[in-house]
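Chain by chain, the residues run as shown.
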Amino acid sequence: MNIAGGFRSFTAAADAPDLGTRSLVHLRDFLSREWRVIALATALSLAVGAAYVATAPRKYTAQTDMIIDTKKITWTHSDMSAETRTVDDATVETELETTRSERVANAVVRQLNLTKDPEFVGPGHGIKARILALFRRGPEQTPSSDELTRRALSVIKENLRVTRLGRSYVEQIAYTSLDPEKAAKIANTFAEAYIEDQLQAKYEQTRRASEWLEKRIGELRQQASDAYKAVQDFKAENSIIIGVDGKLASDVELDQLGIALAKARADTSQARAKLERIQRVLEQRPNNTDDFSIPDPVVTDALSSPVITKLRQQFLDDQNKQAEWSAKYGANHIAVKNLRAEMAALQNSIWDEISRIAESYKSELQIAKSQEEAIDKRMLEVFQKSGATRQAQVRLRELETGANTYRGIYETFLSRFTQSVQQQSFPSTEARVVTDAPVPRAPSSPKIAITLAFAALCGLGLGVMSAIAREQLLNRQIHTRDQLEKLLGTSCLAVLPAINKPIGKAWGKNSNALTQISEAPPFSATAEALRYIKVAIDLHPTGAKVIGITSALPGEGKTTIAAAFAAFLAKAGARTLLIDADLRRSSLSRVLGHNEGPGLINIIGDGLDFADVVIADPKFKFDVLPSPSALRAPNSADTLNAPAMRNLLKKAAGYYDYVICDLPSVLPVVDVKATAHLFDAFVLVVEWGNTSTNEILNAVRSSPLVSERLLGAVLNKADETFMHRFEGHSDRRYAYYMEEVTGADEISATARN
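What you are looking at is a predicted structure, and each value in this text was computed from that prediction instead of being measured.

Some details on the confidence of the model for the protein
Should pLDDT be low for a region, the predicted coordinates there are not to be read in detail.
Then step 1. Residues of the protein with pLDDT of at least 70 account for 78%, and the chain-wide mean is 77.
Then step 2. Taken as a whole, residues 1–16 scores under 50 in pLDDT and shows 17 contacts with residues more than four places along the chain or in a different chain.
Then step 3. Low pLDDT, under 50, characterises residues 740–753; the stretch is placed with two contacts to residues that sit more than four places away or in other chains.

Next up, the structure:
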């Protein structure tokens, strides 16, 4: 547990750095640690970029601008013409792909004879080609014509770029080549090949349409002829005669018969009226011979009859004579009687003539009636025949419609065929070159500035990723106080730097390290680190005296730390007992040279007195309870957990100010887990940059008592230079207190304060 656990928790001040400031600080610390890796990766990437720029062949790009063809041949109107269509993005992209097509590229290859150009059919000039050439064995076989064409097309495809200028109908054809003149020639040839391809495509389209139209016209001609013959055959079969005005003969006859019937009926009515009138006149004929009244037939024929007129005139003349002679000779005179007889004869002649006219009227009436009946009968016959003709006329109309349709289609296709033949002779296209590709003056590749900038960015990114990976890898081990404190949730009591040790046996190494630590100057970082541990123990809320010093794994320097700390306490005047509780290895006893006599195991197992076993070390001024290396307890955990060990520690705590126990490592053996209840506090020694975080956590979590009574951790064997890069530069402030201050410096500092 943290030694500050018994005090009020710390509350950050109002002016403490916010999260953004801390992030900037972390970034600064990260860059200060890893700038070498980032700089190295950037430098290597720049070197690769410079090598590429130096070795890459110079390439030149020529560009030509061309308006695409926005017209097509339409076949939907009455005349075949070039119709402007709405050009959308899909249409423009289609034209761009047409320019990139293998057909246009083949035309360029044939026109410029590129199958004999080494740039297109040779091994290549790029880095990839050079690398592949190194692994090629034996002479290369002579490629075929198709293979040469395929190679040329592949090279053209790699170096050709066709793009659309904005939202316009102008496409830009750019080609990159090792030769500037060749680049311009190929770009211009591509534009010409596209235009030629459009003309050829329209010619082929028109030719195919003409062939199809010609074949279709023959079919339509036969269909139109068959349809016309079917109409005529149907008319003949059904006796259908159509007049000039398009009416059926029966309809014309019906119209004429209707007019004739109306006239006949009118004639009959007129004849009947005349007969009735003259019959009324005949009814006035007198029966008495003495009646010499003259008939007055108001009939047209009677009035206009010359016979009646002459007889009437004679009758009137005789009547005048009779009146004159009667008055002169008397009514009974023979001449008068003769004259009367002549008048009676004239009167009868007139009535006879009127009767003859009546008989003619009867004859006219009979003739009119007969004519009316004949016309009516004929009209009925024609009407009946016309009904059947009208039924057949429905089918006739269908046949005529089909015949007219075929005829119209035939005439339309014939007209279009004529126009297509004319169009085939004069194909045209709207595609044209706007700007010819000039010969480029400067190379377009490699772009030195862009290449180096890209190399620098790649190197920077690679360096940052490498640095992050390195940080993640290093985070698996402990390199800073902050890492250790966040991992354990407790304080990092001290950081002890690595000691330069001569090569030798293990005890010699530890002895040399112990000497260097114990003899460190009082103002050194090592002395200050030991002082931190002492202050942490002194500030323990329960007044801890029995302190167990352990580590997760062997070799982390716990024995050296325990001995050096005991020597520091003894040098400070504290009564200190150092116990070698590692019964399996007895490293502390070997380092101090007390491993031959009796020790801790004799007190616990044999009941020896504490005073007879404890040794006062003359060099480091502390008492030592050693553990003989000759006697190794087979069950060290039970030995350390015996009541005698508990009594020993209790007695030592009552006599000494500090009881420091060098315990075994936590993970390899169970001694610490078994005896954790005997100690007031634990100090965990962690080797800097070696012990993994999982091993540290497993060691602390192995026993709840160890975790609860953990006073703090000591980071041992630290590389101060490397550690400063991880932690930043805050520790440099402590150098002010660790340097020796001369009188002049002290006076100067006092004056400044």
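Observations regarding the environment of I156
Then step 1. Tracing the backbone through its elements, the reader meets I156 in helix α6 (residues 145–159).
Then step 2. For I156, a relative accessible area of 1% translates into the label buried.
Then step 3. Along the chain, I156 and R100 lie 56 residues apart, while their C-alpha atoms are 9.5 Å from each other.
Then step 4. Apart from residues lying up to four places away in sequence, I156 is in contact with A105, V109, L114, F120, Y175 and F190.

As for the nonpolar core
Then step 1. Counting 48 residues, the largest nonpolar core has L484, L577, L600, L625, L649, V659 and L715 as the members making the most contacts within it.
Then step 2. The dominant element in this core, judged by the number of residues it contributes, is helix α21 (residues 643–655), at five residues.
Then step 3. Not counting chain neighbours up to four residues away, the residues in contact with L649 comprise V546, I579, V659, C661, L678 and F679.
Then step 4. In terms of nonpolar packing, the next biggest core, distinct from the first, is built from 39 residues, I517, I537, I549 and A567 among them.

Quick word on the pattern of salt bridges
Then step 1. Evaluation of the coordinates by the stated rule reveals 18 salt bridges.
Then step 2. Between R151 and E147 there is a salt bridge, with its nearest N and O atoms 3.4 Å apart. In this pair, R151 and E147 are both assigned in helix α6, four residues apart and thus about one turn of the helix distant.
Then step 3. A single network of salt bridges, built from pairs that share partners, joins D117, E119 and K182.

Describing the sheet that holds strand β6 (residues 432–435)
Across a sheet, paired strands are connected by hydrogen bonds in the backbone, their directions being either parallel or antiparallel.
Then step 1. Taken together, four strands build an open sheet; the order of strands is β4-β5-β1-β6 and the sheet is antiparallel. Two strands in the sheet have a free side with no partner beyond their single neighbour: β4 (160–164) and β6. Within the sheet, the average angular offset between the axes of one strand and its neighbour, ignoring direction, is 30°.
Then step 2. Where strand β1 (residues 60–67) lies against strand β5 (residues 170–177), eight bridges are found, and the strand directions are antiparallel.

Focus on the pairing of strand β12 (residues 658–662)
Then step 1. Among the five residues of β12, five are classified as buried, and the element is accordingly described as predominantly covered.
Then step 2. Of the two faces of β12, the one holding Y658, I660 and D662 and the one holding V659 and C661 are both buried throughout.
Then step 3. The pairing of strand β8 (residues 546–551) with β12 spans four bridges and is classified as parallel. When the bridges of β12 are listed, V546 appears paired with V659.
Then step 4. Here strand β9 (residues 576–580) runs beside β12; their pairing, made up of five bridges, is parallel. In the strand pairing of β12, I579 is matched with C661.

Conventions we followed
Residues numbered from 1 in each chain as written. Predicted model: local features only at pLDDT ≥ 70, side-chain atom pairs only at ≥ 80, totals over all residues. Heavy atoms only, no water. pLDDT = per-residue confidence, 0-100. Contact = heavy atoms within 4.5 Å. Helix = DSSP H or I, 4+ residues; strand = E, 2+ residues; numbered from the N terminus. Buried < 20%, exposed > 50% of the residue type's maximum accessible area, 1.4 Å probe, protein only. Core = buried A, V, L, I, M, F, W, Y, C linked by side-chain atoms within 4.5 Å. Salt bridge = Lys/Arg side-chain N within 4 Å of Asp/Glu carboxyl O. Pairing = 2+ DSSP bridges. Axes fitted to C-alpha atoms, helices over the stretch in contact; angles between N-to-C directions.

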